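# Architecture at a glance
If you want the building blocks of each chain, they are given just below.
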There are 4 protein chains.
Amino acid sequence: MKIPVGILGATGAVGQRFIQLLENHPWFEVAEVAASDRSAGKSYAEACTWRLAGAPPAATARLTVTTTDAPFRSRLLFSGLDSSVAGEVETALASKGHAVVSNSRNHRMDADVPLLIPEVNAGHLDALAGQRKRTGGGYIVTNPNCSVVGLAMALAPLSRAFAIEDVHVVTLQALSGAGYPGVPSMDVADNVVPYIGGGEEEKIEAEPRKILGAFKNAAFVPADFPIAASVHRVAVSDGHTMAIFVRFAKDVDPAAAAAALASFKGEPQELKLPFAPVKAIHVLEGNDRPQPRLDRDRENGMAVSVGRVRANGPRGLKLEALVHNTIRGAAGAAILNGELLKARGLLA
Amino acid sequence: MKIPVGILGATGAVGQRFIQLLENHPWFEVAEVAASDRSAGKSYAEACTWRLAGAPPAATARLTVTTTDAPFRSRLLFSGLDSSVAGEVETALASKGHAVVSNSRNHRMDADVPLLIPEVNAGHLDALAGQRKRTGGGYIVTNPNCSVVGLAMALAPLSRAFAIEDVHVVTLQALSGAGYPGVPSMDVADNVVPYIGGGEEEKIEAEPRKILGAFKNAAFVPADFPIAASVHRVAVSDGHTMAIFVRFAKDVDPAAAAAALASFKGEPQELKLPFAPVKAIHVLEGNDRPQPRLDRDRENGMAVSVGRVRANGPRGLKLEALVHNTIRGAAGAAILNGELLKARGLLA
Amino acid sequence: MKIPVGILGATGAVGQRFIQLLENHPWFEVAEVAASDRSAGKSYAEACTWRLAGAPPAATARLTVTTTDAPFRSRLLFSGLDSSVAGEVETALASKGHAVVSNSRNHRMDADVPLLIPEVNAGHLDALAGQRKRTGGGYIVTNPNCSVVGLAMALAPLSRAFAIEDVHVVTLQALSGAGYPGVPSMDVADNVVPYIGGGEEEKIEAEPRKILGAFKNAAFVPADFPIAASVHRVAVSDGHTMAIFVRFAKDVDPAAAAAALASFKGEPQELKLPFAPVKAIHVLEGNDRPQPRLDRDRENGMAVSVGRVRANGPRGLKLEALVHNTIRGAAGAAILNGELLKARGLLA
Amino acid sequence: MKIPVGILGATGAVGQRFIQLLENHPWFEVAEVAASDRSAGKSYAEACTWRLAGAPPAATARLTVTTTDAPFRSRLLFSGLDSSVAGEVETALASKGHAVVSNSRNHRMDADVPLLIPEVNAGHLDALAGQRKRTGGGYIVTNPNCSVVGLAMALAPLSRAFAIEDVHVVTLQALSGAGYPGVPSMDVADNVVPYIGGGEEEKIEAEPRKILGAFKNAAFVPADFPIAASVHRVAVSDGHTMAIFVRFAKDVDPAAAAAALASFKGEPQELKLPFAPVKAIHVLEGNDRPQPRLDRDRENGMAVSVGRVRANGPRGLKLEALVHNTIRGAAGAAILNGELLKARGLLA
């Protein structure tokens, strides 16, 4: 018997990825799909204009879409809601006892909500005890912004092995990150746009510090190094590329840094969670890698790829990172979070 | 009577741009075209597969292509030679008394060769006195790498107004920068390549320091701040975009920095050289500019566009710059150099 | 003294092209700009998000936007209105005595409205006499759909020289044809869409027959051959490419067909209208031409390019045509229509 | 025990697809890899620059590359050789007793070589009896050009159900069809190229007629309707799109045609060959399908997708077809051919 789960925002871009990725999941089964009033009452097949390859899974296509204030029988709800509504809806559902595993930005920086990357900060789940006291039983767990997942995973082993002083990151982000209809084609035809709305740079500068920080004395203590980000939209369907400069307190050998990246692992690998990549970070050898088209799908899109780890003076490194923004950077990240909750007994 | 000029490497990507841009030039007239042995003896129309829009200018199409060791009657030679041959050919032609204005990389860092951006370091032409003593009369003047033109022009007013401590730059470079056939289409289809061969990062880290440095006591003294670069090829036809982080010795106000950029000018503007942009740097207001498709052609591709000048802590700035890589970043840069030489009386 | 003109739909994609192309026009001057209620009362600079390269002309930027029911002092109005409103607005303005030169589809097939390509069917202006009787003085003249301009111009000389039996055409249409925001980028990223809404195929199958037909006994008589169209959206910024198959009643020599195309001209060339291309059709020699990036801007985007004129059996031809869809296929087409009206004394 | 197979041209674009697709094949195992002299003696990992996603299968990476004149112990050889060498090499290997299943064009139109699409013309294998008499035991079987697979599969059910009079087809072909380095990126950046070298149009006009014809009295009799093709290269990574016009001898109902397409099947489906798609042709409902990015991977890239089956007069149809050019249109096609040979006992 699989665990029934509900999908919030099921007809949207992230919701569709949830449904695609959960088809044939060994533990979870999509039992409920919720979306806006406009969709409610229709079959999922009718309500949804499927924009991923192929067609929606037949079992989900037959489900009737409900609104997000319907009573859900699934304890676990994956949320791909738009940030314009996610805040209140998720709060309400947590207060009704649900485990809300959200990809939305609204609660990421809340004082008792884990901003979770299972390989990096599984210990932040300790915050749930306090949160549940507040809500009366349910809770919210979030995953980071799509770029942040790649950045924070690349920084985690470096931060553990060496003391980081500061970080500069420039992103080249894929079109799918903007949802649908998202970016008008004329904006990226033969073009690059050096801007992404919705506070993208601010998120990239803030979220990794919460993730790479500690949860101590019932409070999150962010990592103490600053991050400066400059973001770009490029004409790539999927896969965010990042050029990262890291400066350390002491001299760092690029080969040692690459080794720390390549051996990085965490609870998902130890527990062999279904969506866990065997290797969390793939350190690639070619001097022109990672590349979105060639590397975004490594380990079904759940591994982060890193390449060109090279010196920038004795105390600095330059490196490139790549994350599949709608899998490891969104729906897949949330599913892995859900798996960790299950493995930890937090869905009981 | 216009001044006759010769084009070296006339059938290549840069050579074609020279010929396109020099059509109807008020001072210069393409009188001679030189290329490899394979092309010599043919008409330019026959020898050249024209890859720019439209067709080659009729007057040039009729010229007979010579080899680069032919005797040239033009004093001024513009070189778009491939770096595999440019070094020796340009040296030989300078020793024969020619003014060689080169876009090739070979002599850029030579001890007595100006690496010239007329708005920035016209004073470096003082190095010609020593060079001409060495060659016996002729000389070589070079322009920088296509990305470097944009970077050095953006840094020049900042470096003059404030003391720079270090620079990080990430480039998103256009396909035309690789010449023809250049980058295979499968490498950039739905993709980004985080690497450019030919020592691109090294050039970007070194050339601006020579340009922004001084020529004192018969020697170039490079600027004393380090530059760290990370380069990418993106699927854009023309126009290199750069995300730049600058750290200063003291606090810098972004508005003051933007004002310094917007008012930047030099000898080309004062002398009203034909190819000089009215404003060397266009500081754009939109929070999503500059963009290659919309901004690369400002002032016929000779202006550098800058946008998003914003704070990065009290002593830091983030900004975006854009340069038309085959005009201001290559053939147009060389033509402006030739115009300055003429205006200074160095072609007499 | 230039002739003042008004632009309807001035802030939209077509309206912006009108304003860009009319800057420095020798006869016309943009004196009035009209758009929706949302824009009315603002300066054009404020009301318009300029999406073409660079910035709007300064003189137009200062104009105050009016609504389309404002009284216009310009006799000549260029309309780039959206088809949801163009029908009624243009009718009303013609009834007030204006010469409405429209790019919108609404009145193209009306029984007394010329669907005009000045090189092809200038004689259709005879329909204005009847129309003006109906309206009381003003009138509407339309230009065809963006693909149709290229198709009808390519077919016109063939239809005159030889008897056409049927036509098959497949289009590969540029993104700008859909306006802004138009096509979502995810729809064309690494993709082709074999469909264009708004009855595109129907227009391509009907409009050329009106254009290539006659105006006799106060009625339009369409050309008698059928056209079958299949349309596609491709990831190109500007320039519609068309693969055309024509079957004739008798044997046709490809060289004779190419000669007929190359020598094609009409009133715009004879009258030397400002926007008339010197050669209406450029017959290109390369076996891989025309191409949008290389050929769309021939004669400032006003020439149609044709290539690969080759046999398809003794009575058939295959050929490729290219038209700059937002210049010759839209705003530029309307301006040329306006010029012909002026030259014919129809604006007096 | 799996059947060992050799890959000819193993390091090339088609060879890499063979190796990728054959990893974990239930019947076949890549045992030998052959390429040019330059690669011979190296491990496959060393010899090959892998250009597909991820990395080559570990088992193949360890194999040592041989030349194509090495003795092969595998009876079955899949050939992805370049056409400059495939002709002679394949002839020689057939004469040594091998079953050469080739993707190369050289022998496709030979008088006793099947040009095979197992769903369409499995009966053409009867030609092998004669061929083997000639060679002394070995034989060559070919698959069609990448576009032709899609076209011939779409025409087969129409040709069987109704009498075709003529066909017009326009292709929009993917970049991967040109191999590597293939098309220079500058040729397709913001562009379409209305030409493909190597006789692409001629192949599309000839090959389907052999495939859809008969093998009677020891000779191939081509289908009797003409095909006219016009080809284009577009900026899509994988997936050839085709706009097809078919004219019939009698009236045809589009719904009946769609039904004939949707129910099309052949020996691969009956025999449940490992690479056989469950449904050979997917008839899609959306009015904007098929699209390369969304539909090329249906049934692991082995199904052809068809959409927009609509009337073109009473005796005509318009439809769109899509084929994954490097899977169903190349390596996957050959593998399915190999599977049919095995199932028919022709590898014994």
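Fair warning: this is a prediction, and the values are worked out from it, not measured in the lab. (Residues numbered from 1 in each chain as written. Chains lettered and ligands numbered in written order. Predicted model: local features only at pLDDT ≥ 70, side-chain atom pairs only at ≥ 80, totals over all residues. Heavy atoms only, no water.)

### Here's the deal with the interface of chain D and chain A
Across the boundary between the two partners, chain D contributes 10 residues, which contact 10 residues of chain A. Of the roughly 810 Å² buried between chain D and chain A on both sides combined, carbon and sulfur atoms contribute 46%. Area buried by chain D at its contact with chain A is led by Gly54, Arg293 and Leu294 of chain D, which between them contribute 41% of it. Our count for the chain D to chain A interface comes out at zero salt bridges. At the boundary of chain D and chain A, one finds two residue pairs in polar contact (both at pLDDT 80 or more). Of the residues in the side of chain D that touches chain A, the class split is three nonpolar, two polar and five charged. (Contact = heavy atoms within 4.5 Å. Buried area = accessible area lost by both parts, 1.4 Å probe. Salt bridge = Lys/Arg side-chain N within 4 Å of Asp/Glu carboxyl O. Polar contact = N/O pair within 3.5 Å; in protein donor to acceptor, adjacent residues only side chain to side chain. Nonpolar A, V, L, I, M, F, W, Y, C, P; charged D, E, K, R; others polar.)

### Things to note about the side chain of glutamate 90 of chain C
Residue and element names in this part refer to chain C. Position of glutamate 90 relative to the elements: it lies in helix H4 (residues 83–95). No salt bridge is formed by the buried glutamate 90; the nearest opposite charge belongs to arginine 108, separated by 8.7 Å. For glutamate 90, the contacting residues outside a window of four places in its chain are Ser79, Val100, Ser102, Ser104, His107 and Ile140. (Helix = DSSP H or I, 4+ residues; strand = E, 2+ residues; numbered from the N terminus. Buried < 20%, exposed > 50% of the residue type's maximum accessible area, 1.4 Å probe, protein only. Lys, Arg positive; Asp, Glu negative; His and termini not counted.)

### As for the relation of the copies chain D and chain A
You can overlay chain D on chain A at an RMSD of 0.0 Å; the transform is a turn of 180° with a shift of 0.0 Å along its axis. The two molecules are tied by a two-fold rotation axis, judged by turn and shift. Considering only C-alpha atoms, the part of chain D nearest the rotation axis is aspartate 190 of chain D, at 3.0 Å. When the interface residues of chain D are mapped onto chain A, 100% of them again lie at the interface, so the same face is used by both copies. (Least-squares fit on C-alpha atoms with pLDDT ≥ 70 in both.)

### Here we look at the interface of chain D and chain C
If you look at the interface, chain D gives 43 residues, while chain C gives 43 residues. Buried surface at the junction of chain D and chain C, summed over both partners, amounts to about 3300 Å²; 51% is from carbon and sulfur atoms. Interface area lost by chain D to chain C is led by Asp190, Pro194 and Arg293 of chain D, which between them contribute 18%. In this structure, the connection of chain D to chain C is made through 10 salt bridges. For the side of chain D that touches chain C, the secondary-structure elements that each account for two or more residues are strand S7 (164–173), helix H8 (185–188), helix H9 (200–211), strand S10 (227–233), strand S11 (240–248), helix H12 (292–295), strand S13 (304–311) and strand S14 (316–323) of chain D. In terms of residue class, the side of chain D that touches chain C is built from 19 nonpolar, nine polar and 15 charged.

### Description of the relation of the copies chain D and chain C
With an RMSD of 0.0 Å, the fit of chain D onto chain C corresponds to turning through 180° and sliding 0.0 Å along the axis. Most of the interface of chain D is mirrored in chain C, where 100% of its interface residues are also at the interface.

### Topic: the sheet that holds strand S11 (residues 240–248) of chain A
All names here are of chain A. One open sheet accounts for six strands, arranged S10-S7-S11-S14-S13-S12; its pairing is mixed. Taken across any chain shown, the strands that pair with only one partner, and hence form the sheet edges, are strand S10 (227–230) and strand S12 (281–283). For this sheet, the mean angle separating the axes of adjacent strands, direction not counted, is 25°. Looking at chain direction, strand S7 (residues 164–172) and S11 are connected through eight bridges and run antiparallel. (Pairing = 2+ DSSP bridges. Axes fitted to C-alpha atoms, helices over the stretch in contact; angles between N-to-C directions.)

### Observations concerning the sheet that holds strand S5 (residues 99–102) of chain D
Residue and element names in this part refer to chain D. Strand order in the open sheet formed by six strands is S3-S2-S1-S4-S5-S6, and the pairing between neighbours is parallel. Two strands bound the open sheet, and with one partner strand each, they are strand S3 (65–67) and strand S6 (139–142). When strand polarity is set aside, the average angle formed by the axes of neighbouring strands in this sheet is 30°. Examined bridge by bridge, strand S1 (residues 3–8) and strand S2 (residues 28–35) share six bridges and lie parallel to one another. In the strand pairing of S2, glycine 6 is matched with glutamate 32.

### Looking at the domain arrangement of chain A
Residue and element names in this part refer to chain A. Along its sequence, chain A is organised into domain 1 (3–145 + 331–343) and domain 2 (146–324). Computed over C-alpha atoms, the centres of domain 1 and domain 2 are 24 Å apart. Contacts between the two partners involve 34 residues from domain 1 and, on the opposite side, 39 residues from domain 2. Here domain 1 meets domain 2 over a buried area of about 2800 Å², counting both sides, of which 69% is carbon and sulfur. Linking glutamate 207 and arginine 108 is a salt bridge whose minimum nitrogen-to-oxygen distance equals 2.9 Å. Here domain 1 is connected to domain 2 by 14 residue pairs in polar contact (both at pLDDT 80 or more). (Domains from an automatic or database assignment.)

### Description of the packing of helix H7 (residues 146–161) of chain B against helix H9 (residues 200–211) of chain B
The description of two helices packed together rests on the angle between their axes and the distance between the axes. All names here are of chain B. It is the contact of H7 with H9, at a shortest axis distance of 9 Å, that shows an interaxial angle of 40°. If you check the angle between H7 and H9, you find them oblique. Judged by the sense of rotation from one axis to the other, the crossing of H7 with H9 is right-handed. Facing H7, whose interface residues are Cys146, Ser147, Val148, Leu151 and Ala152, H9 presents Glu200, Lys203, Ile204, Glu207, Pro208 and Ile211. Class assignment of the residues belonging to the contact of H7 with H9 gives a composition of seven nonpolar, one polar and three charged. (Parallel < 35°, antiparallel > 145°, perpendicular 65-115°, else oblique. Left-handed = near helix turned anticlockwise from the far one by under 90°.)

### Some points on the packing of aromatic side chains
If you walk through the whole model with that rule in mind, you get 20 aromatic pairs over all chains. Judged by centre distance (5.7 Å) and plane angle (70°), the ring pair of phenylalanine 162 of chain B and phenylalanine 248 of chain B falls under edge-to-face. Linking phenylalanine 162 of chain B in the loop between H7 and strand S7 (164–173) with phenylalanine 248 of chain B in strand S11 (residues 240–248), this pair joins segments that are 86 residues apart in sequence. Across the pair, exposure class does not vary: phenylalanine 162 of chain B and phenylalanine 248 of chain B are buried alike. The rings of Phe18, Trp27, Phe28 and Phe78 of chain A are connected pair by pair, giving a single aromatic cluster. The ring of phenylalanine 220 of chain C has lysine 210 of chain C lying over it, and the distance from NZ or CZ to the ring centre is 4.4 Å. (Phe/Tyr/Trp six-rings, centres within 6.5 Å; stacked < 30°, edge-to-face > 60°. Lys NZ or Arg CZ within 6 Å of the ring centre and 35° of its normal.)

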